[in-house]
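For reference, the chains in residue letters:
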2 protein chains.
Amino acid sequence: MALGKLYGIGVGPGAPDLVTLRAYNLIRSLPVLAVPRPNPYASSLAFRIMSPHIDPEHKQEHLFLEFPMTKDPEILIPAWNKAFAEIETVLKRGEDIGFVTQGDPFLYSTFIYVHDTLKEKYPELSIEVVPGVSSVMAVPIVAGMPLVDGQERLAVIPASYGLESIRRALQDFDAIVLMKVSSVIEGLITLLEEEGLLDAAYYVERATTDEQRIVRDLRELRGNRCIYFSMVVINKKTRSGVLKGHKSAEVSHGHHA
Amino acid sequence: MALGKLYGIGVGPGAPDLVTLRAYNLIRSLPVLAVPRPNPYASSLAFRIMSPHIDPEHKQEHLFLEFPMTKDPEILIPAWNKAFAEIETVLKRGEDIGFVTQGDPFLYSTFIYVHDTLKEKYPELSIEVVPGVSSVMAVPIVAGMPLVDGQERLAVIPASYGLESIRRALQDFDAIVLMKVSSVIEGLITLLEEEGLLDAAYYVERATTDEQRIVRDLRELRGNRCIYFSMVVINKKTRSGVLKGHKSAEVSHGHHA
């Protein structure tokens, strides 16, 4: 029997109405949706986002898959293999399956591992990926802070890379988005103070959801717990816009005259 | 009279069904939509994306605004001031207006200048921004190439920054997205050849639209015209995934033993 088709469906940052029409239509029509969650007792944000869109008239299987939040391969490898096998079972039945994922499927998503593993094992597998609004887009918007204009460079870095990597990026880039900052937040605040950029930074967790939290003065985070899915954005705003760039060019020209 | 509310509405990369439900509902309900275009004779991609969603029963004004594609301030400044003034006229009538913009409103969008200018002039103005799927997300998806996983760093750079800036980013980052590459494409191909990264790069224009074009061998672009809205992505893929990272860690541990 021919394999079913695999969909990777980005459902956006958190608010149910930030799914795309394409994702909405697939959520309502696919026979099986696979939903990642960290463990059987945790709620899945992807599931909360898609829930309001489920068509109660449509018979649909929801397959919850465990993707533990750990880097321990002794735990990860068997859990992932089990999740991949459950998806394969559906595909081998000839049924289409949609893997729903918070944000965008190809930007810091577990779907990348599903994609790469199954594509390697089944080169003939038909895969369709539906892009979604990433929290890289949503976080600046809930903070009311434009991220980068046409003259600016953006770096997106998992904070686990460490402070030296962040320090280098602060030199070369106009805006820096740091993902999953909880483990480095104290050192990061100190680094931003040293670089004179603390007031250019803000912290956001759970953007666009009911539990959204924005902290505009990072000093408040000292000694406080940050959650795993939290981001810090640094916007240097040393240059801003084609027109402002032109104005400063005029000024420096004046100095030379 | 109280000012109307200003919406910045990201309508995604090109395909009409990649708008979010929130954008869709605003496109159908707002009294006025402002649509940027480069000149009165050019078609607006934002308009083509939103057109299928317009509710023909709903009385709605479409305000086309010219944002010339030039960096010449003698042309830009009067054109922008005229566009801003047209938006202000609607707001001062007390009417809400939605500025539709391809991609995401806070990532390389003209809306940033609208936002900053009107917010400075009218601090009390109510502004709501609706995030959209950026071409930074859409381009890797149409190419079938995951962009970055949880262990990787991403740089997004307007190619106008020049080749030295790109060369530095190639050292520090795992994936590099270059925006608007047409002006530097020949030098970029040479640079990627020097760095041994030509086969890690691909070119995409008009992602998710009917005119989408993907070039997987950049050598084909030598001597050819690229369009303005074109991107090159470089995916080094020297490391890939938590599990693969673990495997190489084991190997290097073995070497020391």
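Values in this document were obtained by computation on a predicted structure and should not be read as measured data.

Undergrad: Would you mind showing me how to read the interface of chain B and chain A here?
TA: Put simply, an interface is often sized by how much accessible area is lost when its parts join up. Listed by partner, the interface residues are 48 residues for chain B and 48 residues for chain A. Where the side of chain B that touches chain A is concerned, the elements lending two or more residues are α1 (21-29), α3 (73-92), α4 (111-121), α5 (135-143), β6 (154-158), α6 (163-172) and α8 (241-256) of chain B. By residue number, the principal contributor to the side of chain B that touches chain A is β6 of chain B, which donates 5 residues. Partitioned by chemical class, the residues of the side of chain B that touches chain A number 30 nonpolar, 9 polar and 9 charged. Note that strand β6 (residues 154-158) of chain A and β6 of chain B share 3 bridges and pair antiparallel. Note on β6 of chain B: the bridge partner recorded for V156 of chain A is L154 of chain B.

Undergrad: Please clarify how the sheet that holds strand β4 (residues 97-101) of chain B should be interpreted in this entry.
TA: Each strand in a sheet pairs with its neighbour through backbone hydrogen bonds, running either in the same direction (parallel) or in the opposite one (antiparallel). Residue and element names in this part refer to chain B. Taken together, 5 strands build an open sheet; the order of strands is β3-β2-β4-β1-β5 and the sheet is parallel. Each having just a single partner strand, β3 (61-66) and β5 (127-130) make up the two edges of the open sheet. Taking the axes of each pair of neighbouring strands and ignoring which way they run, one obtains an average angle of 20 degrees across the sheet. Both strand β2 (residues 32-37) and β4 contribute to a ladder of 3 bridges, which runs parallel. Note on β4: the bridge partner recorded for L33 is G98. Each of β1 (6-10), β2, β3 and β4 touches α3; the most contacted strand, β3, lies at about 160 degrees to it.

Undergrad: Is there a simple way to think about the sheet that holds strand β1 (residues 6-10) of chain A in this case?
TA: Residue and element names in this part refer to chain A. Read across the open sheet, the 5 strands follow the order β3-β2-β4-β1-β5; overall the sheet is parallel. Edge positions in the sheet fall to β3 (61-66) and β5 (127-130), since each of these pairs with one other strand and no more. Taken over all neighbouring pairs, the strand axes of this sheet differ in orientation by 20 degrees on average, direction set aside. For strand β2 (residues 32-37) and β3, the ladder comprises 6 bridges, and the chain directions are parallel. Pairing of V32 across the sheet is with E61, part of β3. Sitting on the sheet, helix α3 (residues 73-92) is in contact with β1, β2, β3 and β4 (97-101), with an inclination near 160 degrees to β3.

Definitions and cut-offs
- Residues numbered from 1 in each chain as written.
- Chains lettered and ligands numbered in written order.
- Predicted model: local features only at pLDDT ≥ 70, side-chain atom pairs only at ≥ 80, totals over all residues.
- Contact = placed C-beta atoms within 7 Å.
- Helix = DSSP H or I, 4+ residues; strand = E, 2+ residues; numbered from the N terminus.
- Nonpolar A, V, L, I, M, F, W, Y, C, P; charged D, E, K, R; others polar.
- Pairing = 2+ DSSP bridges.
- Axes fitted to C-alpha atoms, helices over the stretch in contact; angles between N-to-C directions.

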